[in-house]
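# Overview (structure and organization)
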Amino acid sequence: MRTPFIAGNWKMFKTGRDAVTFAEEFKTLYKDTDVKTAICAPYVYLGLLKNLFSGTEIKVGAQNAFYEDEGAFTGEISVKMLEDVGVDYCIIGHSERRQYFGESDQLINRKLKRLFAGPITPILCVGENLEQREKEEQYLIVRDQLVGALAGITPEQAARLVIAYEPVWAIGTGKTATPQQAEDMCEFIRNAIEALYNEDIADEVVIQYGGSVKPANATEIMNMDNIDGALVGGASLNAKDFMEIIDF
Ligand SMILES: O=C(CO)COP(=O)(O)O
């Protein structure tokens with residue numbers, strides 16, 4: 001059985017003081033549940049959040065990482081550094097990184113390979129944009145993203161993977177994919193994993209939906225067969241809203 005997994009993606013929001021306020025409030029609201037929970041925060045708050053959440057079940061994630069361990073790569077943060085801080089998860093290939101920083105499937109693949117060499121669990125984001133959805137190319141696009149990102153990833157590694165389906169047109173727009181649209185793609189992703197690996201791995205892989213997930217729509221989304229969790233942007237900035245989503 002797959003354990004539900006709900007992660008917040010703070011993106012480039014919050015000051016250090018805001019992060020502390022959130023953590024203190026979230027810890028008081030947080031009840032131990034069967035739902036795995038993580039906050040993916042800006043790099044500069046990861047150590048702080050690891051300390052604030054120590055002794056709880058709340059995990060901490062990064063939003064990106066570089067594949068080289070060290071070197072002359074000004075401004076980059078390596079997976080090795082994240083491992084050193086004790087980060088549990090790392091988002092890879094978010095559509096905002098693909099769109100604004102030109103991340104290719106090949107680059108994402110290198111980052112994934114480095115993450116799989118250590119203990120951090122990658123959350124691989126895939127999803128089509130509005131134009132691609134309107135041309136009904138979404139399945140082709142997501143399949144290509146999966147094949148590109150997972151080239152050379154072994155079955156043992158793939159079994160540890162979290163995949164987040166995030167249709168770009170539903171991110172930060174208030175426009176959610178219908179639960180059925182999200183389910184259809186998540187089922188497609190599971191079948192693609194079965195074709196690339198095998199049925200056991202497809203059964204194990206955790207698939208999240210992301211894009212305008214809110215307390216009001218979380219239950220409907222989480223009740224879908226192939227949706228095991230959510231990657232939550234805006235609503236994860238507020239401790240009460242995020243807890244309501246986890247409590248779906
Ligand atoms: O991009 C997202 C999470 O990674 C989704 O963001 P929103 O929940 O703000 O739409």
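Rules used throughout
Residues numbered from 1 in each chain as written. Predicted model: local features only at pLDDT ≥ 70, side-chain atom pairs only at ≥ 80, totals over all residues. Heavy atoms only, no water. Salt bridge = Lys/Arg side-chain N within 4 Å of Asp/Glu carboxyl O. Buried < 20%, exposed > 50% of the residue type's maximum accessible area, 1.4 Å probe, protein only. pLDDT = per-residue confidence, 0-100. Helix = DSSP H or I, 4+ residues; strand = E, 2+ residues; numbered from the N terminus. UniProt positions renumbered as here; feature names shortened; annotations may be inferred. Contact = heavy atoms within 4.5 Å.

### So, the pattern of salt bridges
- Going through the model one piece at a time under the given rule, you end up with 12 salt bridges.
- Across the salt bridge formed by Glu 103 and Arg 97, the nearest N and O atoms sit 2.8 Å from each other.
- Accessibility expressed as a relative area gives 21% for Arg 97, which makes it partly exposed.

### Description of the confidence of the model for the chain
- Of all residues in the chain, 100% have pLDDT values of 70 or greater, and the mean over the chain is 97.
- The lowest-confidence element of the chain is helix H6 (residues 130–134), averaging 93 in pLDDT; the highest-confidence one is strand E4 (residues 89–92), averaging 99.
- Model confidence for the complex is summarised by a pTM of 0.98, with the ipTM given as 0.99.

### With respect to the UniProt feature "binding site: substrate" (unreviewed entry) in the chain
- Feature annotation in UniProt places "binding site: substrate" (unreviewed entry) on Asn 9, Trp 10, Lys 11, Gly 172, Ser 212, Gly 233 and Gly 234, given in this structure's numbering. A stretch of 226 residues holds the annotated residues, and the largest C-alpha distance among them is 13.7 Å, short enough that they meet in one place.
- Examined against the element boundaries, Asn 9 turns out to sit in strand E1 (residues 5–9).
- Relative accessible area serves as the criterion here: at 5%, Asn 9 is assigned to the buried category.
- If we skip the residues at most four places from it in the chain, Asn 9 touches Cys 40, Gln 63, Ile 91, His 94, Leu 231, Val 232, Gly 233 and Ser 236.

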